[in-house]
Amino acid sequence: MAHVKLENITKIYPGNVKAVDNVNIEIDDEEFVVLVGPSGCGKSTTLRMIAGLEEISEGTLSIDERVVNDVPPKDRDIAMVFQNYALYPHMSVYENMAFGLKIRKFPKAEIEKRVNEAAGILGIENLLERKPKALSGGQRQRVAVGRAIVRNPKVFLFDEPLSNLDAKLRVQMRAEISSLHHKLKATMVYVTHDQVEAMTMADKIVVMKDGLIQQIGSPLTLYNEPDNLFVAGFIGSPPMNFMPVTISTRGGNCSADEGEFKVALPKEAGTLLKDYEGKKVTMGIRPENLKYNPDGTKEESITAIIKVVEQLGDEIQLHLETAVSSIIAKVPPNLSFKVDQEICFSPAPDKIHFFDRETDLVIK
């Protein structure tokens, strides 16, 4: 497959609109990299620059150490799967999958071999004579992927390919694309706004916001060690809870005081937060790291009022209102709660993250 490198890549549209700003990403051979972020963050623009569908304003893009900034899309040896599938409605599934090979003048026998192999991998052998209008959304998606597979490209590019599918089919197709990656041992770059897709599929995630890279790392690294407030709040479902606290490190003891409660912190936190004595920081804690504490006192626990109870079968998610913020907690499914009930939670001290309120960067 291929090694892809983006060095100081910038995209500027007319009117000096900077869609992508100084992006640096290294994608290893056979790696599955997901670009994730909210709408308008620059992820699709970055993908389209890799494909050659958008001109690069500044920086260098190379595939296998070959600079391809000025190489036409057809000569980059990449294949792209679009959000809307982009199938030719008047052609059969076979003809759609074979079209790219035909215009490259592949022998008929080679085309038939490649199309049948791809159809077998995707389980669509019985659909080859149908037209796209006779297919379901999931079947059309498989055809679009099959059209990419027959090319045997160096790099596969996916631009939000599952966004038009229903929730159940999205889960199924996530698993199928991940399985396909392992079968083909392919280099894949995948764009999505869905962080669950990113977490479940990626070897490496690139989190973007406002055209800038916020953090690059494995799914678990981003989940457990976010670099800033945005990544901490974007990665994870439900997202991390945040609340303002004042730090105290006096007398050798370290604590975070919210006003209504005080959390005693491990000794190492005192060293970490020594420069924040008496200052406000943002405390972050994930919903699963809030322990329901029915016997807790207001001074030692977070006291909150239940606003919404979501019974999800294997767990309950409680939407809560504290004196200073709204938070979410996960609790076991065998417990019973009512809206407007007052309850207490104890945050796991070793699972708390702290962020500087001026820079939004994690304190580490």
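Shown above is the structure to which this text applies.
All of the points below concern the structure found in this document. (Residues numbered from 1 in each chain as written. Predicted model: local features only at pLDDT ≥ 70, side-chain atom pairs only at ≥ 80, totals over all residues. Heavy atoms only, no water.)

1. Comments concerning the side chain of asparagine 241
Working step 1: Relative to the helices and strands, asparagine 241 resides in strand β11 (residues 241–248).
Working step 2: Side-chain polar atoms of asparagine 241 contact the backbone nitrogen of isoleucine 328, separated by 2.7 Å.
Working step 3: Every residue in contact with asparagine 241, bar those within four places of it in the chain, is listed here: Met283, Gly284, Ile285, Arg286, Pro287, Leu290, Ile327 and Ile328. (Helix = DSSP H or I, 4+ residues; strand = E, 2+ residues; numbered from the N terminus. Polar contact = N/O pair within 3.5 Å; in protein donor to acceptor, adjacent residues only side chain to side chain. Contact = heavy atoms within 4.5 Å.)

2. A closer look at the sheet that holds strand β1 (residues 4–13)
Working step 1: Here we have four strands laid out as an open sheet, ordered β2-β1-β4-β5, and antiparallel in their pairing. Only two strands of the sheet have a single partner each, and these edge strands are β2 (17–27) and β5 (66–67).
Working step 2: For strand β4 (residues 58–63) and β5, the ladder comprises two bridges, and the chain directions are antiparallel. If you follow serine 62 over to β5, its bridge partner there is valine 67. (Pairing = 2+ DSSP bridges.)

3. Considering unusual backbone geometry
Working step 1: With omega at 0 degrees, the peptide bond leading from serine 237 into proline 238 counts as cis.
Working step 2: Tracing the sequence through the fold places proline 238 in the loop between α8 (229–234) and β11.
Working step 3: Backbone geometry places glutamate 160, a non-glycine residue, at a positive phi of 45 degrees.
Working step 4: Within the secondary structure layout, glutamate 160 lies in the loop between β7 (155–159) and α5 (167–184).
Working step 5: Phi at lysine 185 takes a positive value of approximately 50 degrees, unusual for a residue other than glycine.
Working step 6: In this fold, lysine 185 is placed in the loop between α5 and β8 (187–192).
Working step 7: Under the relative-accessibility criterion, lysine 185 is labelled exposed at 51%. (Buried < 20%, exposed > 50% of the residue type's maximum accessible area, 1.4 Å probe, protein only.)

4. A word on a negative patch on the surface
Working step 1: There is a patch of like negative charges on the surface, built from Glu26, Asp28, Asp29 and Glu30.
Working step 2: Here glutamate 30 is to be found in the loop between β2 and β3 (32–36). (Patch = residues over 30% accessible without salt bridge, like charges linked within 9 Å, V, L, I, M, F, W, Y side chains within 5 Å. Areas by Shrake-Rupley, 256 points an atom, 1.4 Å probe, with all protein chains shown as cover. Salt bridge = Lys/Arg side-chain N within 4 Å of Asp/Glu carboxyl O. Lys, Arg positive; Asp, Glu negative; His and termini not counted. Charge placed at Lys NZ, Arg CZ, Asp CG, Glu CD.)

5. Considerations on the nonpolar core
Working step 1: Counting 47 residues, the largest nonpolar core has Met97, Ile124, Phe158 and Tyr190 as its most contacted members.
Working step 2: Beyond its immediate chain neighbours, meaning those up to four positions away, methionine 97 contacts Val115, Ala118, Ala119, Ile124, Leu128, Val143, Gly146, Arg147 and Val150. (Core = buried A, V, L, I, M, F, W, Y, C linked by side-chain atoms within 4.5 Å.)

6. Here's the deal with the packing of aromatic side chains
Working step 1: Within the structure shown, the criterion is met by eight aromatic pairs.
Working step 2: Centre to centre, the rings of phenylalanine 156 and phenylalanine 158 are 6.5 Å apart; their planes meet at 20 degrees, and the pair counts as stacked. Phenylalanine 158 shares its class with phenylalanine 156; the two are buried.
Working step 3: For arginine 286, the ring lying beneath its charged end belongs to tyrosine 223, and the centroid distance is 3.9 Å. (Phe/Tyr/Trp six-rings, centres within 6.5 Å; stacked < 30°, edge-to-face > 60°. Lys NZ or Arg CZ within 6 Å of the ring centre and 35° of its normal.)

7. Some details on the layout of surface pockets
Working step 1: Looking at the largest pocket, its volume works out to about 450 Å³.
Working step 2: In terms of lining residues, the largest pocket is bounded by 22 residues, among which Met80, Phe82, Arg104, Arg147 and Arg151 are the most central.
Working step 3: Among the elements that take part in the lining of the largest pocket, helix α2 (residues 93–103) stands out by supplying six residues, more than any other.
Working step 4: Across the lining of the largest pocket, the residue classes break down as 16 nonpolar, two polar and four charged.
Working step 5: Computed from the structure, the second largest pocket encloses a volume of approximately 290 Å³.
Working step 6: Taken together, 16 residues form the lining of the second largest pocket, with Pro349, Asp350, Lys351, Ile352 and His353 sitting closest to its centre. (1 Å grid on protein atoms, 1.4 Å probe; cavity = no way out; pocket = protein on both sides within 12 Å on 5 of 7 lines; lining within 4 Å. Points joined across faces, edges and corners; volume = space filled by probe spheres on them. Nonpolar A, V, L, I, M, F, W, Y, C, P; charged D, E, K, R; others polar.)

8. Notes on the side chain of lysine 43
Working step 1: Among the secondary structure elements, lysine 43 is positioned in helix α1 (residues 43–51).
Working step 2: Lacking a salt bridge, the buried lysine 43 has glutamate 160 as its closest oppositely charged neighbour, with an N-O distance of 4.1 Å.
Working step 3: For lysine 43, the side chain forms a polar contact with the main-chain oxygen of proline 38, separated by 3.2 Å.
Working step 4: For lysine 43, the residues in contact, after removing those within four places along its chain, are Leu35, Val36, Gly37, Pro38, Glu160, Val191, Thr192, His193 and Met208.

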